[in-house]
Amino acid sequence: MTYKDLKKLEWEQAVRWLGEDVRDDFFPDPIRYRDISRDPAAYAAANRFKLPQFDRDPFDWIPIPKATLLSRDGIHLPYSFRLAYTAIFAKLFPFIAPELEKGAYSYRIYEGIDLATGGYPFPSAATTQAWLKFNNDFRRAIIEAPDDAWVIITDLSCFYEHVSVARLTQILQNLIPSNAQNETAGYLQLLGRMLQRVSRPGGYGIPQNYDPSSFFCSAFLTPVDRRVGRIKEITYLRWVDDIRIIAPTRGDAIAALQTLQSACQEEGLFLNSAKTQVLRKHSPEVTAELDVSDDAALSSIEEKMETRGEAQLREALSEAKKGLVKAELKNNDRMCRAYAGRVSEIGKFKPLREEAVGHLRSVALRQLKHAPGRADTWAKMLSPHVDKDLEHEICAILEDGNFNRYDWTNMWLCIVLSRAREGLAPQTHDCLRQILESSAHSFMVKAYALLALCRHGDDTDRRALANVYLAGNHPVPLRRAVVIGIQELATAQRNALYAGLTDVPELHSLVTYIEELKEPCYSYFNYPLRQCISEQTATAQRSRPAEGIGYVAGAIRNFPLSRRIAPIYD
């Protein structure tokens, strides 16, 4: 793979696709790289000689907590690296995606996505619908199975961490049709070298929560899908590393499980024994899987929300609050976030904002303490509502040794503070400065502490921080945070600092973008207030097909599948 070959990659397409992938980042850019994605063609053209030089910026490893309070690998990939990663993904996707097995629901060619006109393969709405379809098809297969059928529910232990880079590239090569092998060979080799750079010793582990990684790792399981999914007696479904099997007899179920275990072991993967269940169709555990009480309730809430009438919205809020209380009592993380998302959405309507936000806020603060692995969800929900009381609560968590042990969670707490619309208290400034000056924190945490300090400091503070962090060899996220954070510095002083950055490639587009803004912009976050409409004109949007199926109170219920999993803030 030569420099000339790298220049042939579709960099403009990569900028567009990466602009979609960053919409749900574990490690978000403050403005979600809008300075770059606003004009992919211009950025690709202006940087055509620099884009292939993607191997310069440092990575930042930040463990992300799990529900068990153990952690999984998290790594912040710099934009330059991600762009090359996305360009290779875009090159390989058309050859690999058609070869994936039917039983694999995750990260494939989704219905309704037009790639021929430049469409992104994995928009969040399509991915959400594919995940809902996976669960719904699993329920339907159980309901339609004979009464004496058996069900297997399992997943893989530390899936992304156990993927071998060498084996991944081999599997991808095997999936690519023979007439495209020569065209793609060099890009596969480059992909392998890139992933080796960000893997653990021995060449194991793929960066998580990046769409290219999700696609490649789902494709990695194709040999498993083919061995198990082609067993005639069973129904096989998989979403990334979550696997479901329905078999006609206990013997068939055990045989399928043995085949699955063997196929996984051949790829260096292991079933999670703590989560593996072999169950009768009418067992209590399978009955619980078929229960769609919450799903149907969420669908009903959404139908009321779509009317935009105040009375219906109040009913929806009451139902969402009740569901949220029950989900929190049951420690049901997924439904807790789902109901909270609806409460947050209803809070956009002015007459209901105070009630919705008040309820949401108390739940979110508890979850930030006790579910640190979901800090991104709760931070996003709290960000539009930062007042002095919430600011104090956030600082208290940042300073509490019982709850500040995960830097990833601390980063999201700093993100909340950086999005505050009013000035921060002196105690908050002190808390953020301690983070910035501590060697114990990752540079992504420091970047958001720095952004909050610049945004809410006075001109003396801004100038001092800019002089430190725009000089030297600080990581790009820190320098981007300063450039964004000093927007309201006295104009002459700000322009003088920006002028010194015109020859810095990784900051040039950002400076140009900010200089063209009509008003300061510190994040991509937008939480607009909406108006209710009169009850006479309040009607639901066109009815949705009742594609969902499951049991409610012991009876089969059909319902429209949800359109929302979490609120959209932009």
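Structure: see above.
Scope of this entry: the structure provided in the associated data block.

Conventions and cut-offs
Residue numbers run consecutively from 1 along every chain, following the written order of its sequence. Reporting of local features is limited, given that this is a predicted model, to residues whose pLDDT is at least 70; pairs of side-chain atoms are given and counted only at 80 or more, and all residues count toward the totals for whole chains, interfaces and linings. To obtain the side-chain values, all non-hydrogen atoms of the structure were included, while hydrogens and water were left out. Aromatic pairs are defined between Phe, Tyr and Trp rings, using the six-membered ring for Trp, whenever the two ring centres lie within 6.5 Å; interplanar angles under 30 degrees are classed as stacked, those over 60 as edge-to-face, and all others as tilted. Here a helix means four or more residues in a row that DSSP labels H or I, a strand means two or more in a row labelled E, and each is numbered from the N terminus. With a 1.4 Å probe rolled over the protein chains alone, any residue whose accessible area is under 20% of its type maximum counts as buried; one over 50% counts as exposed, and the rest are partly exposed. We call a charge positioned over a ring when the NZ of a Lys or the CZ of an Arg lies within 6 Å of the ring centre and within 35 degrees of the ring normal. Remark: nonpolar core denotes a set of buried residues (Ala, Val, Leu, Ile, Met, Phe, Trp, Tyr, Cys) joined through side-chain atoms within 4.5 Å. The criterion used for residue contact is that any of the two residues' heavy atoms lie within 4.5 Å. DSSP bridges decide pairing: two strands pair if at least two such bridges lie between them. To obtain each axis, a line is fitted to C-alpha atoms, and for helices this fit is confined to the stretch in contact; angles are then taken between N-to-C directions over 0 to 180 degrees.

### Examining the packing of aromatic side chains
For step 1, the next point in the chain: If you walk through the whole model with that rule in mind, you get 26 aromatic pairs.
For step 2, the next point in the chain: Ring geometry for Phe89 against Phe93: centres 5.7 Å apart, planes inclined by 75°, an arrangement best described as edge-to-face. Of this pair, Phe89 and Phe93 both sit in helix 5 (residues 79-96), four residues apart, which is roughly one turn of that helix.
For step 3, the next point in the chain: By relative accessible area, which is 1% here, Phe93 ends up buried.
For step 4, the next point in the chain: Consider the rings of Trp408 and Trp412, whose centres lie 6.3 Å apart with planes at 70°: the pair is edge-to-face. Remark: Trp412 and Trp408 occur in helix 20 (residues 407-418); sequence separation between them is four residues, near one turn of the helix.
For step 5, the next point in the chain: For Trp412, a relative accessible area of 0% corresponds to the buried category.
For step 6, the next point in the chain: The aromatic ring of Phe138 is capped on one face by Arg244, whose charged end is 5.7 Å from the ring centroid.
For step 7, the next point in the chain: If you follow Arg250 out to its NZ or CZ, it ends over the ring of Trp150, 5.8 Å from the centre.

### Re unusual backbone geometry
For step 1, the next point in the chain: The backbone of Tyr107 shows a phi angle near 50°, a positive value even though the residue is not glycine.
For step 2, the next point in the chain: Structurally, Tyr107 is set in the loop between helix 5 and helix 6 (124-144).
For step 3, the next point in the chain: Residue classification places Tyr107 among the buried positions, given a relative accessible area of 12%.
For step 4, the next point in the chain: Of note, the phi angle at Asn209 is positive, near 65°, even though the residue is not glycine.
For step 5, the next point in the chain: Looking at where Asn209 falls in the secondary structure, it is placed in the loop between helix 9 (181-197) and helix 10 (211-220).
For step 6, the next point in the chain: Judged by its relative accessible area of 25%, Asn209 is partly exposed.

### Here we look at the nonpolar core
Here is a general trend for soluble globular proteins: nonpolar side chains tend to be buried in one another's company.
For step 1, the next point in the chain: Among the nonpolar cores identified, the biggest contains 186 residues, and Phe159, Phe215 and Ile394 are the most heavily contacted of them.
For step 2, the next point in the chain: Here this core gets 12 residues from one element, more than from any other, and that element is helix 5.
For step 3, the next point in the chain: If near-sequence neighbours (up to four positions away) are discounted, Phe215 is found in contact with Phe89, Phe93, Ile96, Ala97, Leu100, Tyr107 and Phe122.

### Some points on the sheet that holds strand 7 (residues 242-247)
For step 1, the next point in the chain: Here four strands make up an open sheet; going across it, the order is 6-7-5-8 and the pairing antiparallel. Every other strand in the sheet has two partners, leaving strand 6 (235-239) and strand 8 (277-280) as the edge strands with one partner each. Each strand of the sheet is rotated relative to its neighbour by a mean of 15°, with strand direction disregarded.
For step 2, the next point in the chain: As judged from the five bridges shared by strand 6 and strand 7, these two strands associate in the antiparallel manner.

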